[in-house]
Amino acid sequence: TVTRMKAAVQALSSVITTLPPETRLGIILLNHSGLKNPWLIRPQAIQTEQLIPLLQRVKAVGGTVLGEKMKLAADALLEERARSAYGTYRLLIVT
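Treat the numbers as computed from the prediction; the structure is a model and nothing was measured.

Parameters at a glance
- Within each chain, residue numbers correspond to sequence positions counted from 1 in written order.
- Owing to the predicted nature of the model, reporting of local features is limited to residues with pLDDT of at least 70; listing and counting of side-chain atom pairs is limited to 80 or more, with chain, interface and lining totals taken over all residues.
- To obtain the side-chain values, all non-hydrogen atoms of the structure were included, while hydrogens and water were left out.
- To qualify as a nonpolar core, a set must consist of buried Ala, Val, Leu, Ile, Met, Phe, Trp, Tyr and Cys residues joined through side-chain atoms within 4.5 Å.
- To sort residues, take the accessible area from a 1.4 Å probe on protein chains only and compare it with the maximum for the residue type: under 20% means buried, over 50% means exposed, and anything in between is partly exposed.
- Comment: elements are numbered from the N terminus, with helices defined as DSSP H or I runs of at least four residues and strands as E runs of at least two.
- Whether two residues touch is decided by their heavy atoms; if any such pair falls within 4.5 Å, the residues are in contact.
- Orientation is described by lines fitted to C-alpha atoms, with helices fitted over the stretch in contact, and by angles between N-to-C directions that extend from 0 to 180 degrees.
- An angle below 35 degrees is read as roughly parallel, one above 145 as roughly antiparallel, one from 65 to 115 as roughly perpendicular, and any other as oblique.
- Three categories are distinguished: nonpolar for Ala, Val, Leu, Ile, Met, Phe, Trp, Tyr, Cys and Pro, charged for Asp, Glu, Lys and Arg, and polar for the others, with Gly belonging to the last.
- Every case where a carboxyl oxygen of Asp or Glu lies within 4 Å of a side-chain nitrogen of Lys or Arg is listed as a salt bridge.

Once that is clear, we can look at the nonpolar core. Leu12, Ile16, Leu25, Ile27, Leu40, Leu51 and Leu55 are the most contacted members of the largest nonpolar core, which has 13 residues in total. Looking at this core, the elements that each hand over two or more residues are helix H1 (4-17), strand S1 (24-28), strand S2 (39-45) and helix H2 (48-56). The residues contacting Leu25, other than those within four sequence positions of it, are Ile16, Ile41, Arg42, Pro43, Gln44, Ile46 and Leu51.

In this section: the packing of H1 against H2. Axis separation between H1 and H2 bottoms out at 10 Å; the angle between their running directions is 175 degrees. Viewed along their axes, H1 and H2 adopt a mutual orientation that is roughly antiparallel. In this structure, H1 uses Val9, Leu12, Ser13, Ile16 and Thr17 to contact H2, whose residues at the interface are Thr48, Leu51, Ile52, Leu55 and Gln56. The class makeup of the residues in the contact of H1 with H2 is six nonpolar, four polar and no charged.

What follows covers the environment of Gln47. Following the sequence through the fold, Gln47 ends up in the loop between S2 and H2. Sequence separation between Gln47 and Thr1 is 46 residues; the distance between their C-alpha atoms is 29 Å.

Okay, the pattern of salt bridges next. Taken as a whole and assessed by the stated rule, the structure comprises four salt bridges. Glu80 is paired through a salt bridge with Arg24; the nearest N and O atoms lie 2.9 Å apart. Residue Glu80 is found in helix H3 (residues 66-83), and its partner Arg24 is found in strand S1; the two are separated by 56 residues along the sequence. Lys71 serves as the salt-bridge partner of Asp75, at 2.8 Å between the closest nitrogen and oxygen. Here Asp75 and its partner Lys71 are both found in helix H3, four residues apart, which amounts to about one turn of the helix. Taking relative accessible area as the criterion, Lys71 reaches 52% and is therefore assigned exposed. In the salt-bridge network here, residues are joined through shared partners; they are Arg24, Glu80 and Arg83.

Structure below.
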């Protein structure tokens, strides 16, 4: 049986493997359950061979504070855009 978490990881892994190598990617855990740092990885150049196994180790814990995490991610996108106005900036939410 495929759990919702496994389905989310599979979907995100599928997207990550199609991204161009120059893509900068950050991943926030929506259910970080009280951890001080909700970032799985801060925005950086992707290394698919390291990222996919890291994603597969994520466990669903606690509830999802979606609005708070969307703001955190949007703020990070704005910071990235301030550093480099060139490029496309997108927020992808997988729940």
